[in-house]
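# Summary of structural features
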Amino acid sequence: MASEKRSLRLLLLGGTREARELAERLAHDERWSVISSLAGRTSEPERLAGQVRVGGFGGVVGLAGYLSRNQIDVIVDATHPFAEVISHNALSAAMQTGVPHLRFCRPPWQPGVGDQWLMARDVQHAAELIDPGAHVLLTIGRQELAPFLQRDDVHVVARMIEAPEQGVPRHVEIVLARPPFTVPDELALLRDRRINVLVTKNAGGASVEAKLTAARQLGLPVIMIERPHDAPRADAETVTQLMHLLDAHHAT
Ligand code: NAP
């Protein structure tokens, strides 16, 4: 028998592939009325199913106000594992307003047999770990390039979805591309650019994992930037797990 309960209003903090998948799944589910939220970093984000809002809320106070004004029943944080500020803000705003909060976070990658990972605390540390003269493939997006712009003793191939707003020095080559990437794609890029070290964030997830497989096949070291240590706890590590939690929440 169909549920008599009204549809619940869900604020979905996104900016990830999984948030897009969730929006797609929930758009066809009458139990939920979903508003996806994007920070607005990408000028042409991929299409999202359902209602979308773009831009910051104005910190914890702004987000708490948004939850109350819009009578949000559940907030789902499905932002990137490195989007620290919004994840803390979401938890604080949920606690202040009493709105139930769920956090999705994909599990981090783990080194496999044959991997040579050098762990970096943050992007600054990662830039310091690069050997002089190296040819680097850098896949950390466009927001945190600064420490690498100063390393003019190395050649940096920086891959990102959208070009940085500021120009870059001559030792930095920008490659624009949108995931997912295949292992053959990654092998070709690493070989063509004579890359001898990969620098990446431990984002986790299948869509950008091929670069690690390719680096392993070529015997290349990886400077792996660790996740923030004090991020809020994840309630779900897969979209399916999160859907089960939402089912349970709706049923209560
Ligand atoms: P952040 O440092 O955690 O957040 C900075 C500010 O951006 C937040 O305080 C908030 O502004 C606003 N914001 C962030 N995510 C938002 C969202 N989904 N909806 C509305 N406002 C949002 O975030 P970030 O690391 O710059 O990431 C920004 C977005 O890009 C996130 O949605 C994230 O999922 C995505 N992303 C990030 C990375 C990464 O490596 N960090 C990689 C891929 C995708 P107010 O305080 O004004 O509310």
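Here the structure is a predicted model, which is why all the values come from computation and not from measurement. (Residues numbered from 1 in each chain as written. Predicted model: local features only at pLDDT ≥ 70, side-chain atom pairs only at ≥ 80, totals over all residues. Heavy atoms only, no water.)

## Comments concerning the sheet that holds strand 11 (residues 222-225)
Selection criterion: A strand pair is defined by DSSP finding two or more bridges across the two strands. Per the convention used, a helix needs a DSSP run of H or I reaching at least four residues, while a strand needs a run of E reaching at least two, with both numbered from the N terminus. Only the contacting stretch of a helix is used when fitting its axis, a line to C-alpha atoms as for every element, and angles between N-to-C directions run 0 to 180 degrees. Two residues form a contact once any of their heavy atoms are found within 4.5 Å.
Pairing is parallel in the open sheet, where six strands are placed in the order 6-11-10-7-8-9. Where the open sheet ends on each side, the last strands, each with one partner, are strand 6 (117-120) and strand 9 (172-176). Shown here is a sheet whose adjacent strand axes are inclined to one another by a mean of 20°, direction ignored. In the sheet, strand 7 (residues 135-139) pairs with strand 10 (residues 197-201) via four bridges, with the strands oriented parallel. When the bridges of strand 10 are listed, Thr139 appears paired with Thr200. Across the sheet, helix 7 (residues 210-218) lies against strand 6, strand 7, strand 8 (155-160), strand 10 and strand 11, angled at about 155° from strand 10, the strand it touches most.

## Comments concerning unusual backbone geometry
Here Pro179 and Pro180 are connected by a cis peptide whose omega angle stands at 10°. With respect to the helices and strands, the residue Pro180 is situated in the loop between strand 9 and helix 6 (183-192). The backbone of Gln71 sits at a positive phi, close to 50°, despite the residue not being glycine. When you line up the elements, Gln71 lands in the loop between helix 2 (59-69) and strand 4 (74-77).

## Digging into the side chain of His250
Applied cut-off: We call two N or O atoms a polar contact when they sit within 3.5 Å, provided that within protein one can donate a hydrogen and the other can accept it, with sequence-adjacent residues counted only if both atoms are side-chain atoms.
Position of His250 relative to the elements: it lies in helix 8 (residues 239-251). Of note is the side chain of His250, whose polar atom sits 3.3 Å from the backbone oxygen of Arg31.

## Looking at the pattern of salt bridges
Here is the rule we go by: Counted as salt bridges are all cases of a side-chain nitrogen of Lys or Arg within 4 Å of a carboxyl oxygen of Asp or Glu. Classification of residues uses two cut-offs on accessible area relative to the type maximum, computed with a 1.4 Å probe and protein chains only: under 20% is buried, over 50% is exposed, and between them is partly exposed.
By the definition in use, this model includes 18 salt bridges. Note that Glu46 and Arg178 form a salt bridge whose closest N and O atoms lie 3.7 Å from each other. Separated by 132 residues along the polypeptide, Glu46 in the loop between strand 2 (32-38) and strand 3 (51-54) and Arg178 in the loop between strand 9 and helix 6 bring together distant segments of the chain. Since its relative accessible area comes to 31%, Glu46 is described here as partly exposed. Relative accessible area serves as the criterion here: at 36%, Arg178 is assigned to the partly exposed category. Asp115 serves as the salt-bridge partner of Arg216, at 2.8 Å between the closest nitrogen and oxygen. Taken together, the residues Arg216 in helix 7 and Asp115 in the loop between strand 5 (101-103) and strand 6 connect sequence positions 101 residues apart. Arg216 sits in the partly exposed class, given a relative accessible area of 35%. Its relative accessible area of 19% is what places Asp115 among the buried residues.

## Concerning the site of the ligand
Heads up, the condition is: Put simply, a residue is near a molecule or strand once any heavy atom of it comes within 4 Å of that molecule or strand. Ten residue types, Ala, Val, Leu, Ile, Met, Phe, Trp, Tyr, Cys and Pro, are classed as nonpolar, four, Asp, Glu, Lys and Arg, as charged, and the remainder, Gly among them, as polar.
Around the ligand, the surrounding shell holds 21 residues, and the nearest of these are Gly14, Ser37, Phe57, Gly58 and Lys201. Take His80: an N or O atom from its main chain is 2.9 Å from an oxygen atom of the ligand. A distance of 2.9 Å is found between an oxygen atom of the ligand and a backbone nitrogen or oxygen belonging to Val85. Elements with a contribution of two residues or more to the shell around the ligand: strand 2 and helix 3 (84-97). The biggest single contributor to the shell around the ligand is helix 3, with four residues. For the shell around the ligand, a count of residues per class yields seven nonpolar, 10 polar and four charged.

## Overview of the packing of aromatic side chains
Any pair of aromatic rings gets described here by the distance separating the centres and the angle formed by the planes. The following threshold applies: Paired rings are identified among Phe, Tyr and Trp, the last through its six-membered ring, by centres lying within 6.5 Å, and are further divided according to the angle between planes into stacked (under 30 degrees), edge-to-face (over 60) and tilted (the rest). Distance and angle both matter: a charge sits over a ring if NZ of Lys or CZ of Arg is within 6 Å of the ring centre and within 35 degrees of the ring normal.
Summed over the entire model, instances satisfying the criterion amount to one aromatic pair. With centroids separated by 5.1 Å and ring planes inclined at 70°, the aromatic side chains of Phe57 and Tyr66 adopt a geometry described as edge-to-face. Over the face of the ring belonging to Phe57 we find Arg53, whose NZ or CZ atom lies 3.9 Å from the ring centre. Sitting above the plane of the Phe181 ring, Arg159 keeps its charged end 3.8 Å from the centroid.

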